[in-house]
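For reference, the chains in residue letters:
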Amino acid sequence: QFLGDSFFTAFIAFILSLIIVKLCLPLLSDIGFNDITFNFSNITLIGILFAGCLITGLLAGSYPALYLSGFTAVKVLKGTFQPGKSANLPRKILVVTQFSFSIALIIGTIVIFQQIQYAKNRPIGYNPNNLLSFSLSADLQKNYDAMKQGLLATGYVDAVTKSSSPMTGIYNEWDNFSWQGKDPNSRPLFAAVMVDYDYDKVSQIKLKEGRFFSKQFSTDSNSLVLNEAAVKLMGLKNPVGNTIKFGDENVTIIGVTQNVIMDNPFKSVMPEVMLLRPYYVYYGLLRFKQGTDIRKVLTAITPVMEKYNPAYPFEYRFTDEEFNKKFESENQVARLSGIFAALAIFISCLGLFGLASFMAERRTKEIGIRKVLGASVSQVWMLLSKDFVVLVLISCGIASPGAFYFLQNWLEKYDYRISIGLFAFVLSAVIAITITVVIISFQAIKAAIANPVKSLRTE
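Small disclaimer: the values here were computed from a predicted structure and weren't measured.

About the thresholds
- Residues numbered from 1 in each chain as written.
- Predicted model: local features only at pLDDT ≥ 70, side-chain atom pairs only at ≥ 80, totals over all residues.
- Heavy atoms only, no water.
- Axes fitted to C-alpha atoms, helices over the stretch in contact; angles between N-to-C directions.
- Helix = DSSP H or I, 4+ residues; strand = E, 2+ residues; numbered from the N terminus.
- Parallel < 35°, antiparallel > 145°, perpendicular 65-115°, else oblique.
- Left-handed = near helix turned anticlockwise from the far one by under 90°.
- Contact = heavy atoms within 4.5 Å.
- Nonpolar A, V, L, I, M, F, W, Y, C, P; charged D, E, K, R; others polar.
- Core = buried A, V, L, I, M, F, W, Y, C linked by side-chain atoms within 4.5 Å.
- Buried < 20%, exposed > 50% of the residue type's maximum accessible area, 1.4 Å probe, protein only.
- Pairing = 2+ DSSP bridges.
- Salt bridge = Lys/Arg side-chain N within 4 Å of Asp/Glu carboxyl O.
- Polar contact = N/O pair within 3.5 Å; in protein donor to acceptor, adjacent residues only side chain to side chain.
- Phe/Tyr/Trp six-rings, centres within 6.5 Å; stacked < 30°, edge-to-face > 60°.
- Lys NZ or Arg CZ within 6 Å of the ring centre and 35° of its normal.
- Arc of directions from axis to C-beta.

1. Remarks on the packing of helix 6 (residues 144–153) against helix 9 (residues 294–308)
Direction vectors running N to C along helix 6 and helix 9 enclose 165 degrees, while the axes themselves pass 9 Å from each other. With respect to their mutual orientation, helix 6 and helix 9 come out roughly antiparallel. In this structure, helix 6 crosses over helix 9, and the sense of that crossing is right-handed. Here Ala 146, Met 147, Gly 150 and Leu 151 of helix 6 lie close against helix 9, whose contacting residues are Ile 301, Val 304, Met 305 and Tyr 308. Tallied by class, residues from the contact of helix 6 with helix 9 come to 7 nonpolar, 1 polar and no charged.

2. Let's talk about the nonpolar core
Counting 70 residues, the largest nonpolar core has Tyr 199 and Met 274 as its most contacted members. Elements represented by at least two residues in this core include exactly helix 4 (89–120), strand 5 (190–194), helix 7 (199–203), helix 11 (328–362), helix 13 (377–411) and helix 14 (422–448). The contacts of Tyr 199, once residues within four sequence positions are left out, are Thr 161, Lys 162, Ser 163, Met 167, Val 193, Gln 204, Phe 212, Met 262, Met 274 and Leu 285. Grouped together as the second largest cluster of nonpolar side chains are 20 residues, Met 194, Val 231, Met 234 and Val 256 included.

3. A few points about the pairing of strand 2 (residues 157–163)
Within strand 2, 5 of the 7 residues are buried, which leaves it mostly tucked inside the rest of the structure. Alignment of strand 2 against strand 11 (residues 283–288), held across 6 bridges, turns out to be antiparallel. By the bridge assignment for strand 11, Ala 159 is matched with Arg 287.

4. Comments concerning the pattern of salt bridges
If you walk through the whole model with that rule in mind, you get 11 salt bridges. Note that Arg 295 and Asp 293 form a salt bridge whose closest N and O atoms lie 3.5 Å from each other. Residue Arg 295 is classed as exposed on the basis of its relative accessible area, which comes to 64%. Glu 412 serves as the salt-bridge partner of Arg 417, at 3.8 Å between the closest nitrogen and oxygen. Judged by its relative accessible area of 44%, Glu 412 is partly exposed. Look at the salt bridges and you will find they share partners, linking Lys 148, Asp 198 and Lys 201 into a network.

5. Focus: the side chain of Asp 198
By the element assignment, Asp 198 lies in the loop between strand 5 and helix 7. Side chain to side chain, Asp 198 and Lys 148 meet in a polar contact 2.8 Å long.

6. Digging into the packing of aromatic side chains
Counted under the stated rule, the structure contains 22 aromatic pairs. Seen in terms of ring centroids, Phe 404 and Phe 425 are 6.4 Å apart; in terms of plane orientation they differ by 40 degrees. Their pairing is tilted. A residue pair is termed long-range when its members are at least 10 positions apart, and Phe 404 in helix 13 and Phe 425 in helix 14 qualify at 21 residues. Above the face of the Tyr 416 ring, Arg 122 is positioned so that its terminal group lies 4.0 Å from the ring centre. Lys 162 extends its terminal NZ or CZ atom over the ring of Tyr 144, reaching a point 4.3 Å from the ring centre.

7. Focus: helix 6
Those residues of helix 6 that sit buried are Tyr 144, Met 147, Lys 148 and Leu 151. Along the axis of helix 6, the buried positions cluster into a sector of 100 degrees, meaning they face one direction only. Along helix 6, the residues that are exposed and aim more than 90 degrees away from the buried face are Asp 145, Gln 149 and Ala 153. Against the buried residues of helix 6 lie strand 1 (131–135), helix 5 (138–142), strand 2, strand 11 and helix 9. Immediately downstream of helix 6, the backbone of Gly 155 shows phi near 85 degrees, a positive value.

8. Notes on the sheet that holds strand 12 (residues 317–318)
Strand order in the open sheet made by the 4 strands is 2-11-1-12, with antiparallel pairing throughout. Where the open sheet ends on each side, the last strands, each with one partner, are strand 2 and strand 12. Sheet topology note: the strand 1/strand 12 ladder contains 2 bridges and is antiparallel. Opposite Leu 132, over in strand 12, you have Phe 318 as the bridge partner. Here helix 6 sits on the sheet in contact with strand 1, strand 2 and strand 11, set at roughly 160 degrees to strand 2.

Here you go:
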């Protein structure tokens, strides 16, 4: 009988779950799952899910079925049966287990969010706003100077340049650089970016010392600009003016920039060299005036681009949007963690509410006697609440070491990462305890304000 009730409940839940999943499928695209489908005609899938339903019904119904059917009927009917204190132990274990998972997921969500924000707040070395990139076709490369003048003449554009890659990617990695004091057995890779004049104006790259390429210096074609990581790798104390070798060619360092994040924002910045060279330059960069309407900017520059590149439509990408895409995977993990944490908390709250109702029901007469003897509502509330707060604190103690271990391993894959502090653990404990107190208070206050005469009239 008990197993039958359990299977029936599980089956009703199974039907409802299929409906909920079908209705929620469109929402999955909002968190990055665009290719998930669910078809009721897939017999194999439905069969697997139904098997899960049967297993769930069996697991959920086995304990109460075996426990309740093992009672001695005579003792139960005479009213002499006492379940004992151990009868509450399985319920408490379930509550602790549920909240342990919930708290672990809350900690995970907080740490993932902190890691994402830590990388987003990292100085990137240039200004990605009001900046767009586009591919340079053969026609645009041939007509580059005329195109540049046409774009500047619109009145919406501050500067135009070209390079071997957009600001959000590294497309060349070279190892043919050597300098005084270099280990002859070492061949470190450098991110190599070929640029044109005005690259510094378009990117608003931040110089630490020296200068950038300028038409006023005819020797700049044999010069280069390094980033901080390259200077550190080379061990140069006063890099500006020093000469290093690029293959068999001697080139002079004219400037040093801050580290520019062009690739993964969670990794260390590669040593980078910028060269004023015409080869591999396939991308245009354009900075439009701050505060202008983007639609007006595009309306003004599109005819210019189409004039000098009639064979292809004008396709462009905003640099800030491209940079934000680098966080898509982590944002997806954060959203999933938040969703699972919310679901786990909701399920834990259901279990906690049920256990609180059961405990309040069992102690109805005790509460009535305490009220007759002068106990206040707050004292009764404390009586019923303290045991559950202890259970949640035990859950925090169980969840915290496991969450720390797995999150620490997850963070190891990032070069640029946070250190896990106490904040996530304290906040998750506060959230769990607050939820517990709110849920328990409903039952505790309900029991505390009940008329003790009703609960004691049968005594």
